[in-house]
Amino acid sequence: MGLIATNNVQTIYGERSASLASNNVSLSALTSFCHTDTGKRYVHLRDGAPGQMKIIVHKERLNSASLIIAFDNFALGDYLTSDSAGRSVLLIFDGDNWQSLGEITGTQEWVAS
């Protein structure tokens, strides 16, 4: 097993809407560090390849702006939301949908809707 290259990382800033954020989360970078601010809270993740993994980190939250991840296909709904910086989620694409590897409770941490 090899090490993950440190250049396999993306820094991304939220957009005003899911449509403006269209496909802005990189599929070529394993990890995306997301920054949010007033009116800039949306990022978008398109479908990956079967078995592809993606780590998304809510790196910085300014002015109480939650991170909202919009998906082409997500097993738990259309969006995944974080209301606190420092949270991360590991996702895997099953060929049809992104699946969360871990518990999404709906009331704590990440919220699916």
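Undergrad: Sorry if this is basic, but what is going on with the pairing of strand β6 (residues 77-82) here?
TA: A regular strand places its side chains so that they alternate between the two faces of the sheet. Summarising the sheet, strand β5 (residues 67-74) and β6 pair through 5 bridges and their orientation is antiparallel. Looking at β6, one finds that Ile68 is bridged to Thr81. Counting the residues that bridge the hairpin from β5 to β6 gives 2 residues. Pairing between β6 and strand β9 (residues 110-112): 3 bridges, direction antiparallel. Across the sheet, the residue bridging to Ser82 is Trp110, located in β9.

Undergrad: Looking at this structure, I do not really get unusual backbone geometry. What am I missing?
TA: Comment: phi is negative for the bulk of residues other than glycine, and the bulk of peptide bonds are trans. Of note in the backbone geometry, Asn63 takes a positive phi value of approximately 55° without being a glycine. With respect to the element layout, Asn63 can be found in the loop between β4 (53-61) and β5. Residues other than glycine seldom take positive phi values, yet Ser64 does so here, at roughly 60°. For Ser64, the position within the fold is in the loop between β4 and β5.

Undergrad: Would you mind going over the pattern of salt bridges with me for this structure?
TA: Within the structure shown, the criterion is met by 1 salt bridge. Where Asp83 meets Arg87, a salt bridge forms, and the shortest distance between an N and an O atom there is 2.7 Å. When its relative accessible area of 18% is taken as the criterion, Arg87 is described as buried.

Undergrad: Is there a simple way to explain the packing of aromatic side chains in this structure?
TA: For any pair of aromatic rings, geometry is given as the distance between the ring centres together with the angle between the planes. Within this structure, the stated rule accounts for 2 aromatic pairs. A ring pair is formed by Phe71 and Phe74, whose centres lie 4.2 Å apart and whose planes are at 10°; its orientation type is stacked. For the pair formed by Phe71 and Phe74, the shared burial category is buried. Its end group placed over the ring of Phe33, Lys59 keeps NZ or CZ at 5.6 Å from the ring centre.

Undergrad: Would you take a moment to explain the side chain of His58 for this structure?
TA: You can see His58 is positioned in strand β4. A distance of 3.1 Å separates a polar atom in the side chain of His58 from a polar atom in the side chain of Thr36. At 3.3 Å, the side chain of His58 and the backbone oxygen of Ser84 are in polar contact. Other than its neighbours up to four places away in sequence, His58 contacts Cys34, Thr36, Ala65, Ser66, Leu67, Ser82, Ser84, Ala85, Gly86 and Arg87.

Undergrad: Even after reading the chapter, I still don't get the pairing of strand β2 (residues 31-36), so can you show me in this structure?
TA: The element β2 is largely enclosed, with a buried count of 5 among its 6 residues. The pairing of strand β1 (residues 9-13) with β2 spans 5 bridges and is parallel. What sits directly across from Tyr13, in β2, is His35.

Undergrad: I'm lost on the side chain of Asn24 in this one. Help?
TA: In this fold, Asn24 is placed in the loop between β1 and β2. If near-sequence neighbours (up to four positions away) are discounted, Asn24 is found in contact with Gln10, Ile12, Tyr13, Glu15, Tyr42, Val43 and His44.

Rules and cut-offs
Residues numbered from 1 in each chain as written. Predicted model: local features only at pLDDT ≥ 70, side-chain atom pairs only at ≥ 80, totals over all residues. Heavy atoms only, no water. Pairing = 2+ DSSP bridges. Helix = DSSP H or I, 4+ residues; strand = E, 2+ residues; numbered from the N terminus. Salt bridge = Lys/Arg side-chain N within 4 Å of Asp/Glu carboxyl O. Buried < 20%, exposed > 50% of the residue type's maximum accessible area, 1.4 Å probe, protein only. Phe/Tyr/Trp six-rings, centres within 6.5 Å; stacked < 30°, edge-to-face > 60°. Lys NZ or Arg CZ within 6 Å of the ring centre and 35° of its normal. Polar contact = N/O pair within 3.5 Å; in protein donor to acceptor, adjacent residues only side chain to side chain. Contact = heavy atoms within 4.5 Å.

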